[in-house]
Every structure is written in structure tokens, then in C-alpha cells.
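# Observations on the model geometry
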Amino acid sequence: MILPIYLYGSPVLRKTGKNIGPDYPNLKELIDNMYETMYHANGIGLAAPQVGLDIRLLVIDLAPYKDEDPEMGAFKKVMINPELLETGSKTDSYEEGCLSIPGINESVSRPSKIKIRYFDEAFNEYVEEFEGFRARVILHEYDHIEGVLFTDKISPLRRQLIKSKLDQIARGKFSCSYKVKSPSGVKR
Ligand SMILES: [Zn+2]
């Protein structure tokens, strides 16, 4: 089932997500729905707050990159209760977008290497290191469960330049091709 994606200005996007257990109601169905919602919106990552739930759950699928990099294209993960253990000191910048902030892309500086602990959908625990674009996508989604958006991380000047666009999204004045829920109550 395709779920509405909560937009910039929705209070749930500013909450810190809570850990969940294997007994979380309809967890498998929720994960399936999050993937379906993400694919429908042509996204590569989606975090639970973006579908209105303040829990520590995110899904990623980099399949759109399979032609340019087969290994990256095979990167598909559910991360439950992730905890960032280490970030490298080296950073790089790359343009990001977000399904909760349609029509805005900005360059964001992030650590190029991370170490993270997480559980998969069967609650097996992993501690893994990721680099480059994979680390970036994980960090973007991880930020969501910490109540942080990529627009928080851009320069004050850039933020000033996009402020009116962000205000318009929060007021429901925007266009996008997927189902959303804006804080003004507009549903499409
Ligand atoms: Zn996002």
C-alpha cells in the first residue's frame, strides 16, 4: 500500500525516533509499504517519520544505480534501531534531495565514512562500515530518525535563499507526482 509522505513542516519530521522491538505491530507490512511508497515516488531511501511514525526504521534501495555501478545497485537494506558508532573525519559534498521537501536540491557536506550498528527485519544485529554514496544515503535517512533534515545542514546563505520555497511547501503550495500529507492538511 502506498502511504502519504509527510512534508516539510510536519511535526513528526522533527521528532527523535523511538527504538522498536520484534513485536512492533504489522512490522513486515509496514516495511513492505515503505518500500512501495519509496519506489512509487522514485526515491532511494525512506525513513519512518516520513510516513508519520516516530520510530527508528529506515529503508534504502540503490537499484536505480545498477547500470553505472552493479555493486551499488545491489545495495538494499532495512535498518531497524540504527545507532551511528563512528564517523570519519574526512567529508565530502554532494547534492541531495528529499521526498519530504519536493523540488529542492542542495549540496550537503557529510562524513565520507561511517560505522553503524543496526538490526535487519528479522532482528539480526550488524555492525558495518560504509563509505561514499552509501554512507551518505544512510546518514540522510539516519538524520530523519533524529529529527534532522538536509536543509538544516546547508549554509545560512543557501537556507535564506530557499526559505520562501520551504514556507510554500509547509503551506501546501507545491507540486509533486506522489501522494503526500502536508502540515496544512492538503492531501494529494
Ligand atoms: Zn529525506
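Preceding this paragraph is the structure being described.
The structure reproduced in this document is the subject of the present report. Residue indices follow the written sequence of each chain, beginning from 1 at its first position. For a predicted model such as this one, the threshold for reporting local features is a pLDDT of at least 70, and the threshold for listing and counting side-chain atom pairs is 80 or more; totals across whole chains, interfaces and linings nevertheless cover every residue. Excluded from the side-chain calculation are hydrogens and water; included are all heavy atoms of the structure.

### Description of the packing of aromatic side chains
- For Phe, Tyr and Trp, rings pair up if their centres lie within 6.5 Å, where Trp contributes its six-membered ring, and each pair is then called stacked (planes under 30 degrees apart), edge-to-face (over 60) or tilted (otherwise). Taken as a whole and judged by the stated rule, the model has six aromatic pairs.
- Residues F75 and F130 carry aromatic rings whose centres are separated by 5.6 Å and whose planes lie at 85° to one another, so their mutual orientation is edge-to-face. Within this pair, whereas F75 is found in the loop between α2 (70-73) and β4 (76-87), its partner F130 is found in strand β8 (residues 125-131), the two being separated by 55 residues in sequence.
- Taken together, the ring pairs in this structure connect Y65, Y94 and F133 into an aromatic cluster. Helical segments are the DSSP runs of H or I of at least four residues, strand segments are the runs of E of at least two, and each set is numbered from the N terminus.

### Some thoughts on helix α1 (residues 27-40)
- Its 14 residues place the ends of α1 20 Å apart at the C-alpha level, agreeing with the 20 Å of an ideal helix rising 1.5 Å per residue.
- Of the positions making up α1, those classed as buried are L27, L30, I31, N33, M34, Y35, T37 and M38.
- Between two residues, a contact is recorded if the distance between any of their heavy atoms is within 4.5 Å. Residues of α1 that are buried sit in contact with β1 (5-6), β2 (45-47), β3 (57-61) and β4.
- Where α1 ends, the next residue or the one after it, N42, has phi of about 55°, a positive value. Working rule for helices: expected span equals 1.5 Å times residues minus one. With a 1.4 Å probe rolled over the protein chains alone, any residue whose accessible area is under 20% of its type maximum counts as buried; one over 50% counts as exposed, and the rest are partly exposed.

### Re the coordination of the zinc ion
- Only N, O and S atoms count as donors, using a 2.8 Å cut-off from the metal and 3.2 Å for Na, K and Ca, and because water is excluded some sites may appear unfinished. Those donors, C98 (SG), H140 (NE2) and H144 (NE2), are the protein atoms that reach the zinc ion, and they lie 2.1 to 2.2 Å from it.
- Positions of the donor residues of the zinc ion, expressed as sequence spacing, correspond to C-x41-H-x3-H. Here H140 pairs with H144, and both are found in helix α3 (residues 132-145), just four residues apart, close to one helical turn. Each member of the pair H140 and H144 is classed as buried.

### Structural notes on the pairing of strand β7 (residues 113-119)
- Burial of β7 is one-sided: the residues I114, I116 and Y118 facing one way are buried, the residues K113, K115, R117 and F119 facing the other way are not.
- Whether two strands pair depends on DSSP finding at least two bridges between them. Both β4 and β7 contribute to a ladder of five bridges, which runs antiparallel. Its bridge partner lying in β7, E83 is registered against R117.
- The sheet contact formed by β7 and β8 spans seven bridges and is antiparallel. Pairing of K113 across the sheet is with E131, part of β8.
- Following β7, the chain reverses through five residues before pairing antiparallel with β8; F123 in that reversal takes a positive phi of roughly 60°.

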